[in-house]
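# Fold and geometry: a report
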Amino acid sequence: MAKSDDKRKKTFLTDVQTLRKRARAHIERGAVTEGYRADRETVLKLLNEALATELICVLRYKRHYFMATGLEAQSVAAEFLQHANEEQGHSDEIAARIVQLGGEPNFSPEGLATRSHAEYVEGENLVDMIKEDLVAERIAIDSYRDMINYFGNDDPTSRRLMEGILAMEEEHADDLVSLLEELGS
Ligand SMILES: [Fe+2]
Ligand SMILES: [Fe+2]
C-alpha cells in the first residue's frame, strides 16, 4: 500500500530538488517556467487575436451605444454600453496575460480589423445593430472555444482566462437574443 502511494507521488510531482533548481534558472522569464508546455509563440498569437477581437467589439458597441435612437432605444443603449465596458475589461485581462507570458500586446490600429475575428459593422438601425452584435458574439464564442481546446492542459491559466471570457460572451449573446425578442424581431 505504502509502496504504491510512493509511486503515485513520484509520477505526480517533479522531485523537489529538480523543481528548485529549474525555478532558479532563467528567473528573468518570470511566470514562464521550464515546465510551461505550450508553444508560447502560438499562444501569444492567439491571445493577440483575442485582444483584437475584444477591441473591435468595444468600438462596435460604443458606436451602437451612441447611435441608438428611437422609442425603445434607451434600454438597448444601456445594454450596448454595458457590453462595451465588459469587452474593455476582457481586453485588459488578455493584454495582462500576454505580458505575463513575456509577449507584447498589440494595440496597433493598423491591421486591427484583420487580426480581430469579429467584424466591425455599423448597422442601419437598432435591430440591425443588435443582430450585428449577436453575430460578433457568436464568432467570438466559436473562436474562444477553439482557443480553450488548444490551450488544454498545456497552459491552464490562459485556458481559464478564456473560459471566463467565453462564459460572458455567451451571456452577451443571450442578452441580445432577448432584446431582439422584446423588439419583436
Ligand atoms: Fe469580450
Ligand atoms: Fe461579448
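An account of the accompanying structure is given in this report. (Residues numbered from 1 in each chain as written. Chains lettered and ligands numbered in written order. Predicted model: local features only at pLDDT ≥ 70, side-chain atom pairs only at ≥ 80, totals over all residues. Heavy atoms only, no water.)

A tally of regular secondary structure across the chain gives seven helices and zero strands. Element order for the chain, N to C, with α for helix and β for strand: α-α-α-α-α-α-α. Out of the 185 residues belonging to the chain, those deemed buried represent 38%. Taking the contacts inside the chain whose residues are at least 6 apart along the sequence as the reference set, 79% of them involve residues at least 24 apart. Counting every atom, the chain has about 11,300 Å² of accessible surface; 51% of that belongs to carbon and sulfur. In the chain, 23 side chains carry a positive charge and 36 a negative one; their mean positions are 16 Å apart. (Helix = DSSP H or I, 4+ residues; strand = E, 2+ residues; numbered from the N terminus. Buried < 20%, exposed > 50% of the residue type's maximum accessible area, 1.4 Å probe, protein only. Contact = heavy atoms within 4.5 Å. Areas by Shrake-Rupley, 256 points an atom, 1.4 Å probe, with all protein chains shown as cover. Lys, Arg positive; Asp, Glu negative; His and termini not counted. Charge placed at Lys NZ, Arg CZ, Asp CG, Glu CD.)

Let's shift gears to the coordination of the iron ion (ligand 1). For the iron ion (ligand 1), the full set of protein donor atoms is Glu54 (OE), Glu54 (OE), Glu87 (OE), His90 (ND1) and Glu169 (OE), at a range of 1.9 to 2.5 Å. Read in sequence order, the donor residues for the iron ion (ligand 1) give the motif E-x32-E-x2-H-x78-E. In this structure the iron ion (ligand 2) is found 4.0 Å away from the iron ion (ligand 1), and glutamate 87 serves as a bridging donor for the pair. Of this pair, glutamate 87 and histidine 90 both sit in helix H4 (residues 73-100), separated by three residues, roughly a single helical turn. Residue classification places glutamate 87 among the buried residues on the basis of a relative accessible area of 1%. Under the relative-accessibility criterion, histidine 90 is labelled buried at 3%. (Donors = N, O, S within 2.8 Å, 3.2 Å for Na, K, Ca; no water.)

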